[in-house]
Structures are given as structure tokens and as C-alpha cells.
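Tertiary structure, described
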Amino acid sequence: MPNITKKALESSLKKLMLKKPLDKITIRDVTEDCGISRAAFYYHFQDIYDLIEWSCIEDAAQALQGKKTCADWQEGLGQIFEAVLENKPFVLNAYRCISREQMENFLFQVTYSLIRGVVDEKSREAAVTEEEKAFIAGFYKYSFVGLMLDWIRQGMREDYQDLVRNIVLIMQGSVDHAIRNFAGAERKKR
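Residues numbered from 1 in each chain as written. Predicted model: local features only at pLDDT ≥ 70, side-chain atom pairs only at ≥ 80, totals over all residues. Heavy atoms only, no water.

**Overview of the side chain of K141**
Note on placement: K141 falls in helix 8 (residues 130-153). Those residues in contact with K141 that sit more than four places away from it in its chain are F108, T111 and Y112. (Helix = DSSP H or I, 4+ residues; strand = E, 2+ residues; numbered from the N terminus. Contact = heavy atoms within 4.5 Å.)

**Notes on the pattern of salt bridges**
Scanning the entire structure with this criterion turns up 11 salt bridges. The partner of D120 in a salt bridge is R116, and the shortest N-O contact between them spans 2.7 Å. Of this pair, D120 and R116 both sit in helix 7 (residues 100-122), four residues apart, roughly one helical turn. Owing to a relative accessible area of 13%, R116 belongs among the buried residues under this scheme. Between E130 and K133 there is a salt bridge, with the nearest N and O atoms lying 3.3 Å from each other. Taken together, the positions of E130 and K133, both in helix 8 and three residues apart, correspond to about one turn of that helix. (Salt bridge = Lys/Arg side-chain N within 4 Å of Asp/Glu carboxyl O. Buried < 20%, exposed > 50% of the residue type's maximum accessible area, 1.4 Å probe, protein only.)

**Section: empty space enclosed by the protein**
Throughout the structure, instances matching the rule amount to one cavity of 30 Å³ or more. Its boundaries defined by the atoms lining it, the largest cavity holds a volume of some 190 Å³. Forming the boundary of the largest cavity are 14 residues, of which C56, A60, V84, V91 and L107 lie nearest the centre. The element contributing the most residues to the lining of the largest cavity is helix 7, with four residues. (1 Å grid on protein atoms, 1.4 Å probe; cavity = no way out; pocket = protein on both sides within 12 Å on 5 of 7 lines; lining within 4 Å. Points joined across faces, edges and corners; volume = space filled by probe spheres on them.)

**Examining the packing of helix 5 (residues 73-86) against helix 9 (residues 160-171)**
Where helix 5 contacts helix 9, the two axes come as close as 10 Å, and the packing angle between them is 150 degrees. One finds that helix 5 runs roughly antiparallel with respect to helix 9. Pair helix 5 / helix 9 crosses with right-handed handedness. Side by side, helix 5 and helix 9 meet where W73, Q74, L77, G78, F81, E82 and L85 of the first sit next to Y160, L163, V164, I167, V168 and M171 of the second. The class makeup of the residues in the contact of helix 5 with helix 9 is 10 nonpolar, two polar and one charged. (Axes fitted to C-alpha atoms, helices over the stretch in contact; angles between N-to-C directions. Parallel < 35°, antiparallel > 145°, perpendicular 65-115°, else oblique. Left-handed = near helix turned anticlockwise from the far one by under 90°. Nonpolar A, V, L, I, M, F, W, Y, C, P; charged D, E, K, R; others polar.)

Have a look at this one:
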């Protein structure tokens with residue numbers, strides 16, 4: 001039941017963001033639009049920005065649908081871009097009204113889990129620590145998010161499929177290489 005309420009609030013917020021900037025939308029606007037009390041809103045979210053964060057993470061998780069393995073991470077990355085493009089008015093409105101740091105944090109959560117799944121899978125047989133795996137995933141997370149934020153900032157005009165293709169070309173073998181380098185550095189320490 002709580003997810004139904006959250007989805008209703010998300011839907012109302014997205015609808016309202018088609019008509020006016022985020023910073024002009026109040027909690028009262030959202031709750032009146034979907035017929036839910038302010039108390040119900042505050043039961044689920046602290047403020048509108050909390051609702052936006054939940055919405056972004058929820059949309060991205062839906063787009064990924066478990067695609068966090070070596071075989072399908074490229075598809076998952078493409079689906080994240082596609083989900084952002086499908087919600088273009090919402091994303092651009094949010095991008096203009098919330099801090100870059102907040103937008104980065106939303107995207108960091110999604111992209112980190114995507115790449116961390118790949119790193120974990122590829123490093124099963126390698127002598128790589130949890131900290132090193134986190135570092136590798138973090139390194140790529142910053143690359144993905146930086147490219148996506150540039151794409152959003154430029155109005156999402158570039159074909160995201162070209163961008164994903166370029167990312168895949170750069171990434172080919174680089175995670176394996178990073179894992180081998182860390183595993184080799186570990187042996188040298190001993």
C-alpha cells in the first residue's frame with residue numbers, strides 16, 4: 001500500500017512539473033492534485049526533494065531491472081539513459097532547480113550499483129579487497145555520471161545510444177585490466 005501512495009505523489013509531481021518549475025511547486029499542490037493528505041505525504045517523504053530523490057532512484061532501478069552483470073550492463077546503462085530521456089521535462093526541471101550535488105548523488109547511487117555488480121562478477125577469482133573493488137566501481141561511477149550530467153545540461157539533444165556505444169568502447173577490457181592491476185599490486189606488497 002505505501003508504494004501506491006508514493007507512486008501517486010510521484011505522478012502528481014511529474015504532472016505539475018510539466019506546467020511549472022519545481023521551485024514553484026508546493027507540497028499542498030502535490031497532495032491536492034493526487035487527493036492525498038499532507039500527513040500522508042510527510043509519512044513517506046520529508047519534503048519535495050526527498051520525493052524527487054525517491055522518484056529518480058525508483059525510475060532508474062526500474063530501468064536497470066537487475067542488469068548489473070558483465071553480459072548485460074551495457075543494456076542497463078542504455079536503459080538508464082532511456083529512462084532519463086523518457087522523463088525529460090521532469091529531469092530538466094529538476095536539474096535546473098536542485099543543486100548539481102543532489103543530482104549527482106541520485107545518479108551516483110544508480111551507476112555505482114550497476115558497475116559494482118560488474119566489478120564483483122569479474123573479480124571473483126582475483127585477490128582484490130572490498131576497498132579496491134569499491135574504488136574501481138567509484139572510478140567508473142564518476143565517469144558515467146559526468147557524461148550523463150553533460151548530456152542533460154546540453155538538453156539531451158545527442159543520441160544517447162551513441163554516447164552509450166562510446167562508453168562501452170572505452171570500458172571494453174578496462175575493468176578486467178584494473179582488477180588485474182590491483183591483484184598484481186597486492187602480490188607485490190607481500
